[in-house]
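Fold and geometry: a report
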2 protein chains.
Amino acid sequence: MEATEQSKRLSALRAELAKRNLAAYVVPRSDEYMLEYVPPSGERLAWLTGFTGSAGLALVGRARAALFVDGRYTEQAAKQTPAPLWEHHHLIDTPPAAWLEQAVQSGERVGYDPRVHTPGNLEALRHAVERAGATLAPVEGNLVDVLWSDRPAEPAAPVEVYPEQLAGESAVAKRRRMADQLASEKLDALIVSAADSLAWLLNIRGRDLENTPFALGRAVLRADGSLTLYMEPSKLGAEVLAHLALAPASGPNVGVVTVRAPADFIAGLSELSGLRVRVDRASGSEWLIEQLGAAGAKASLGPDPCTLAKACKTAAELAAIRAAHVRDGAAVLRFLAWFRRVAPGGEDEWSVAGKLAELRAVGQHYRGPSFSTISAFGPSSALPHYRATRASAVPLALGNLYLVDSGGQYLDGTTDITRVTVVGTPTSEMVRRYTQVLKGHIALSRAQFPFGTTGSQLDPFARQFLWQTGVDFDHGTGHGVGCYLSVHEGPQSISKRPSDVALRPGMIVSNEPGYYKPGHFGIRIENLIAVVQLDPQPEGAEKTTLGFETLTLAPYERQLIDVGMLDHGERAFVDAYHERVRLVLGPLVQDDPDVVEYLATSTASLDRADAALPGV
Amino acid sequence: MEATEQSKRLSALRAELAKRNLAAYVVPRSDEYMLEYVPPSGERLAWLTGFTGSAGLALVGRARAALFVDGRYTEQAAKQTPAPLWEHHHLIDTPPAAWLEQAVQSGERVGYDPRVHTPGNLEALRHAVERAGATLAPVEGNLVDVLWSDRPAEPAAPVEVYPEQLAGESAVAKRRRMADQLASEKLDALIVSAADSLAWLLNIRGRDLENTPFALGRAVLRADGSLTLYMEPSKLGAEVLAHLALAPASGPNVGVVTVRAPADFIAGLSELSGLRVRVDRASGSEWLIEQLGAAGAKASLGPDPCTLAKACKTAAELAAIRAAHVRDGAAVLRFLAWFRRVAPGGEDEWSVAGKLAELRAVGQHYRGPSFSTISAFGPSSALPHYRATRASAVPLALGNLYLVDSGGQYLDGTTDITRVTVVGTPTSEMVRRYTQVLKGHIALSRAQFPFGTTGSQLDPFARQFLWQTGVDFDHGTGHGVGCYLSVHEGPQSISKRPSDVALRPGMIVSNEPGYYKPGHFGIRIENLIAVVQLDPQPEGAEKTTLGFETLTLAPYERQLIDVGMLDHGERAFVDAYHERVRLVLGPLVQDDPDVVEYLATSTASLDRADAALPGV
């Protein structure tokens, strides 16, 4: 966007502020669906500011305007939204609330759109505004939408049925299970506002967003199992309608699904008058809670029960996900074999990522990437959230690391894998750091722990070897992953942030410790792992003991492993994993002798003296 | 207490309820000082119920009365407070709030004494009572005190000056430092309600409680550094008064201490009218907050800044604490040497604990135990909080473990140590479990971690080897320890409970993982460890890296160590620790050849083939 256009839009918004007697207006990155990704129609922050990152918030006052982004977007924000039009601040270190407290005067009003905020994410702003003696005022109709004349329509991609044999549980059974849970909590209904809950609950998928197969919409589930789906009828073909209209399996209402247009949502809420209605704390907007109140319903803010149920994959889902990982692993294996031959001969970060995309695309059930690939060479790899563009891509050269963090959406599962390899000869520092990261990755993979343990309790296992040498990595160790759903899902995670969510069998998390040396190189090793109840349990076990099954299949980089730094158990883990990779992927790559050869050498036992490979 | 007496007291309390139109009354274990231990005058729960445990809460309704205790007191509570007079419930699993919600009717009032509750610990009860449509009503004057005609007077033991060369910081400097911190938080004053803060801030100690050298009282610290101490003047001798009256070191008011009688406290609060006053969230009663409000002050609930400052020991305190641990270690060493000769010849849990107390008592600066010794043989040792009495003590016999958890108060430090030894020959299960516990204890001792890391992040290191085999222990791994103060202090801890308190250099914590096989045996290995900034830092460190210094000095039990289960680093840790124990304690026990011999064999290198000792 050009600076004059940016200036024009800001002025137009300020004119709206003046018209409505507002001292400032809040423009978050989130839209009505509170998702990590927003469709083009929800890109209000980008339209107003020019900033296209995936997290941020703008505050527009009468004289000053500020954009708040986190560390990964500091540079990008400064480039895309030039000062002095926009001030730039760190979302965490110098938060919006403090800025707002200074910027407003007693008696003034700060406007916001209650449709794009949860009560939780407004709390700090509200307190700040109130400390200044001002008020936070909900404004009907988003002020950006008022100005954005060519705002795209909401996406309306066709919805598809998610096969029951992959889901492992019928939509009717899910509704019954969730309805029973509502009843047990003395709730009469649930507003299904989270897009992944909606997809999971109804066994449907959509194409409304890039990378994530959500069908945007909302639903109301009653404690009798009946459900009203608010979604554009044009998105629902005959097959989906037939699927939704499944005859009741038990009870008079279970299985009854009514479809209504999104425009009827408010009218539909009036039917909840007098009822206790659960609103999901993470995705329910303030607007939603207000509307429920206006309808005479009693909103109960808390967890959407679908969130936990969805996270605990069924046996069928796990079988499907394992199959998807075999195909994904074969693509990554072919990529790594190819990579060692081509680098550094003229390829760059962008071109090699293209090759990986090609190799994934031929896989059965492949639907696209699960997120934008991070393809990073050398200093780029030290930026955990780096995104190369065709124009900015760095060419490969001898003597540094290449990091690729990528994933696929397959009908039968979502993948996310990071591997690091080397172009030329690594330094001893690179090898030492890679091995330390690997040791943490192994420690987490091998962890066994009692039922009730949270991801935050396991997080230090992945960091301990880095900590011993005075270094760390500044991101979480693991995020939840869906089954042909979002590559980031809750409620589970493995992170320093304290969590009260216990890990449960069937949950999938990433295991991705790293190490980043700014300006030099970065390392991250990532597998997806599923929580399993150990079978058999340890001899003499007194607590139900859980552990992890590794889903991801691709060799680690033996050129970067200092075998002498691994203890016996760690070497045995790597050897056993590599043997499994060889046995499972081998049959899929027999067409390419070069890949066969790469698979053999890259997965040979670490104890074999002849296993060391020369540099590329 | 006899049942008829119990019944009489309960009836008398119910008569008071009726008189005041109350449906129920809350009797917590805590008194006005919110401490773990209460003086005889604060033993209201014991007076009313007969229950003498250190944690619990009673709810007395018109027809039903219930006592809530945690798992360690279930048996004791049932014995001391017989049904049907008292119902018995678990404090955590079936909490008081749920009972109260059922027990009261809409419109009724539940009474409580706001002097013996913090707002935080009333919250759950208040919500429960409100859900029932009733109200929680503060009652002037404790209803137990009304009935308790021979209630002892508040303790008034003489206060002593804590030497500045041990404290490492003058009381004037501490007041200045805390006053500056108040000013930086825009606070005008702090109510010093926590007894350990009071002792620390003023460099004084008292004898108002068993085991813990507190002088009960309160103080108001102003942001100009002046302080008003509310304490019985009879407790303050000439030396203490001279100490408190130290001339200002800088600034006109810093160093000015005014002493007033506790009865003047309310009147004194009126001087805070219009000021912002910090009330310690952990020890400030609801009554205190109300009184501040009545005085026209604005109460700011938050952390007492003394709590963190006190936890970070000065270099002088650490030097003193090390010295105390040498004396304490020598006593424990003599005890262990003695123990192997006498057991099982007629000794029991009580008698051997007496021997340990005798050995400690001759140590320089010894002031008494820091808590009631846990002296537990065989099945008793499986109860983490076991207390033998002279009458109930179990005699030692062949073939089981003896666990002793004890500590001393020395003028120069507070100790807390647990050792386990064996009478006769241990089973292989005992050896395996001891070694697993030891491995966790070592992993925590050797942990290195970046500044900012909390105790809850380190906790899993102590549990990992138990978890791997499907077992765990149901208590925290470590608690903070004071310097000639309480053996339990905050804000730091090492536990599963999420914490936002980062470990800082100078903090002392216990390192005490365990394993308990109910009805059979128990194991706990405990050293005190101090957080240190590593010097030198690890080569190439990018984060300020912390670790631990072990303070406690006494051999582990080599008869219970399966050396084959230890890796090289773990063996080296034990050998280095034992060598230090030998070098430091050796000179102190030269008078007793048997102890010298025991020290040599018990601390010999694990790698020495001849190091194994025969069973006792």
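Because the structure is predicted, anything quoted here is derived from the model rather than measured. (Residues numbered from 1 in each chain as written. Chains lettered and ligands numbered in written order. Predicted model: local features only at pLDDT ≥ 70, side-chain atom pairs only at ≥ 80, totals over all residues. Heavy atoms only, no water.)

1. A closer look at the sheet that holds strand β15 (residues 366-369) of chain B
Residue and element names in this part refer to chain B. Strand order in this open sheet of 3 strands is β15-β18-β19, and the pairing throughout is antiparallel. This sheet does not close on itself; its edge strands, each paired only once, are β15 and β19 (413-414). Relative to strand β18 (residues 408-410), β15 runs antiparallel, the two being bridged by 3 bridges. Across the sheet, the residue bridging to Y366 is Y410, located in β18. (Pairing = 2+ DSSP bridges. Helix = DSSP H or I, 4+ residues; strand = E, 2+ residues; numbered from the N terminus.)

2. A word on the interface of chain A and chain B
Residue-level contacts link 30 residues of chain A with 31 residues of chain B. Each partner contributes to the roughly 2300 Å² buried at the junction of chain A and chain B, and carbon and sulfur atoms together form 51% of this total. Area buried by chain A at its contact with chain B is led by A:Q457, A:W467 and A:Q468, which between them contribute 25% of it. On inspection of chain A and its partner chain B, the count reaches 2 salt bridges. B:K543 is paired through a salt bridge with A:D474; the nearest N and O atoms lie 3.5 Å apart. Elements that contribute at least two residues to the side of chain A that touches chain B include exactly β21 (449-450) and α17 (455-468) of chain A. (Contact = heavy atoms within 4.5 Å. Buried area = accessible area lost by both parts, 1.4 Å probe. Salt bridge = Lys/Arg side-chain N within 4 Å of Asp/Glu carboxyl O.)

3. What to know about the pairing of strand β27 (residues 527-533) of chain A
Residues and elements named next belong to chain A. Burial runs high along β27: 5 of the 7 residues are buried. Across 4 bridges, strand β24 (residues 508-511) lies against β27 in antiparallel orientation. Across the sheet, N511 pairs through a bridge with N527, a residue of β27. Pairing of β27 with strand β28 (residues 545-550), which is carried by 5 bridges, proceeds in the antiparallel orientation. By the bridge assignment for β28, V532 is matched with G547. (Buried < 20%, exposed > 50% of the residue type's maximum accessible area, 1.4 Å probe, protein only.)

4. Topic: the pattern of salt bridges
Residue and element names in this part refer to chain A. Applying the stated criterion across every chain, the model contains 77 salt bridges over all chains. Its salt-bridge partner being D145, residue R44 comes within 2.7 Å of it at the nearest N-O pair. Taken as a pair, R44 in helix α2 (residues 44-49) and D145 in helix α6 (residues 143-147) lie far apart in primary sequence, 101 residues in all. On the basis of relative accessible area, D145 is assigned to the partly exposed category, the value being 23%.

5. Overview of the relation of the copies chain A and chain B
The two copies are related by a screw operation: chain A maps onto chain B through 180° of rotation and 0.1 Å of translation along the axis, at an RMSD of 0.1 Å. Both chain copies can therefore be described as sitting about a two-fold axis. Comparing interface residues between copies, 100% of those in chain A also lie at the interface in chain B; the contact surface is shared. (Least-squares fit on C-alpha atoms with pLDDT ≥ 70 in both.)

6. Considering helix α12 (residues 286-294) of chain A
Buried residues of α12(A): A:E286, A:W287, A:L288, A:Q291 and A:L292, and no others. Just past α12(A), the residue A:G296 takes up positive phi, approximately 85°.

7. A few points about empty space enclosed by the protein
To find leftover empty space, one rolls a probe the size of a water molecule over the atoms. Residues and elements named next belong to chain B. Counted under the stated rule, the structure contains 4 cavities of 30 Å³ or more. By volume, the largest cavity is sized at about 60 Å³. Every residue lining the largest cavity is listed: E32, Y33, R115, S193, R218, S283, G284, S285 and L288. Taken together, the residues of the lining of the largest cavity break down into 2 nonpolar, 4 polar and 3 charged. Its boundaries defined by the atoms lining it, the second largest cavity holds a volume of some 40 Å³. For the lining of the second largest cavity, the per-class residue count stands at 2 nonpolar, 3 polar and 2 charged. (1 Å grid on protein atoms, 1.4 Å probe; cavity = no way out; pocket = protein on both sides within 12 Å on 5 of 7 lines; lining within 4 Å. Points joined across faces, edges and corners; volume = space filled by probe spheres on them. Nonpolar A, V, L, I, M, F, W, Y, C, P; charged D, E, K, R; others polar.)

8. Some words on helix α17 (residues 455-468) of chain B
Residue and element names in this part refer to chain B. Counted at 1.5 Å a residue, the expected span for α17 with its 14 residues is 20 Å, and the 21 Å between its end C-alpha atoms agrees. The largest bend in α17 comes to about 45°, at A462. Here α17 has its buried residues at G455, S456, Q457, L458, D459, P460, F461, A462, R463, Q464, L466 and W467. Phi turns positive one or two residues past the end of α17, at G470, with a value near 85°. (Expected span 1.5 Å × (residues − 1). Bend = angle between axes of the 7 residues up to and from the residue.)

9. Points about the sheet that holds strand β15 (residues 366-369) of chain A
Residue and element names in this part refer to chain A. Pairing is antiparallel across the open sheet formed by 3 strands, whose spatial order is β15-β18-β19. Each edge of the open sheet carries a strand with a single partner, namely β15 and β19 (413-414). Packing of helix α14 (residues 315-342) onto the sheet brings it into contact with β18 (408-410) and β19, and relative to β18 it is tilted by some 130°. (Axes fitted to C-alpha atoms, helices over the stretch in contact; angles between N-to-C directions.)

10. Looking at the confidence of the model for chain A
All names here are of chain A. When pLDDT is averaged along chain A, the result is 94, and 97% of the positions lie at 70 or above. Residue range residues 247-251 is modelled with pLDDT below 50. Its contacts to residues more than four positions away, or to other chains, number 7 contacts. The low-confidence segment residues 609-616 (pLDDT under 50) makes 13 contacts with residues lying over four places distant or belonging to another chain. (pLDDT = per-residue confidence, 0-100.)

11. Description of the packing of helix α18 (residues 568-585) of chain B against helix α19 (residues 593-602) of chain B
Residues and elements named next belong to chain B. Viewed as axis vectors pointing N to C, α18 and α19 meet at an angle of 160°, and their least axial separation amounts to 9 Å. With respect to each other, α18 and α19 are oriented roughly antiparallel. Considering only the axes of α18 and α19, their crossing is left-handed. Touching H578, V581, R582 and L585 of α18 are L599, A600 and S602, all from α19. Taken together, the residues of the contact of α18 with α19 break down into 4 nonpolar, 2 polar and 1 charged. (Parallel < 35°, antiparallel > 145°, perpendicular 65-115°, else oblique. Left-handed = near helix turned anticlockwise from the far one by under 90°.)

12. So, unusual backbone geometry
All names here are of chain B. The omega angle of the peptide bond from A83 to P84 is 5°, so this bond is cis rather than trans. Mapped onto the fold, P84 is located in the loop between α3 (74-80) and β4 (87-90). Its identity is not glycine, yet N203 carries a phi of approximately 50°, on the positive side. Along the chain, N203 turns up in the loop between α9 (195-202) and β9 (204-205).

13. Some thoughts on the packing of aromatic side chains
Residue and element names in this part refer to chain A. Under the definition given, this model contains 33 aromatic pairs over all chains. Seen from their ring centres, F335 and W338 are 5.9 Å apart, and the 35° between their planes marks the pair as tilted. Linking F335 with W338, this pair stays in helix α14, spanning 3 residues, or about one helical turn. By the ring-pair criterion, three or more aromatic residues cluster together here, those being F335, W338, F339 and Y402. The residue whose ring lies beneath R205 is Y162, and the NZ or CZ to ring-centre distance is 3.9 Å. (Phe/Tyr/Trp six-rings, centres within 6.5 Å; stacked < 30°, edge-to-face > 60°. Lys NZ or Arg CZ within 6 Å of the ring centre and 35° of its normal.)

14. Brief notes about the pairing of strand β14 (residues 298-302) of chain B
Residue and element names in this part refer to chain B. Both strand β13 (residues 276-280) and β14 contribute to a ladder of 5 bridges, which runs parallel. Within β14, the residue paired with D280 across the bridge is G302. Once the chain exits β13 it traverses helix α12 (residues 286-294) before rejoining the sheet at β14, and the crossover so formed is right-handed. (Right-handed = clockwise from strand over helix to strand, strands pointing away.)

15. Here we look at the packing of helix α16 (residues 428-445) of chain B against α17(B)
Residues and elements named next belong to chain B. It is at 7 Å that the axes of α16 and α17 come closest, and there the two elements cross at 155°. With respect to each other, α16 and α17 are oriented roughly antiparallel. The element α16 and its partner α17 pack so that their crossing is right-handed. Two secondary-structure elements touch here, α16 through Q436, V437, K439, G440, A443 and L444 and α17 through L458, F461, A462, Q464, F465 and L466. Tallied by class, the residues present in the contact of α16 with α17 amount to 8 nonpolar, 3 polar and 1 charged.

16. Considering the environment of A:P384
Residue and element names in this part refer to chain A. With respect to the helices, strands and loops of the structure, P384 is situated in the loop between β16 (374-377) and β17 (400-406). Linking P384 and R433, residues 49 residues apart in sequence, is a C-alpha distance of 16 Å. Leave out the neighbours within four places in its chain, and P384 touches I374, H475, Y516 and R524.

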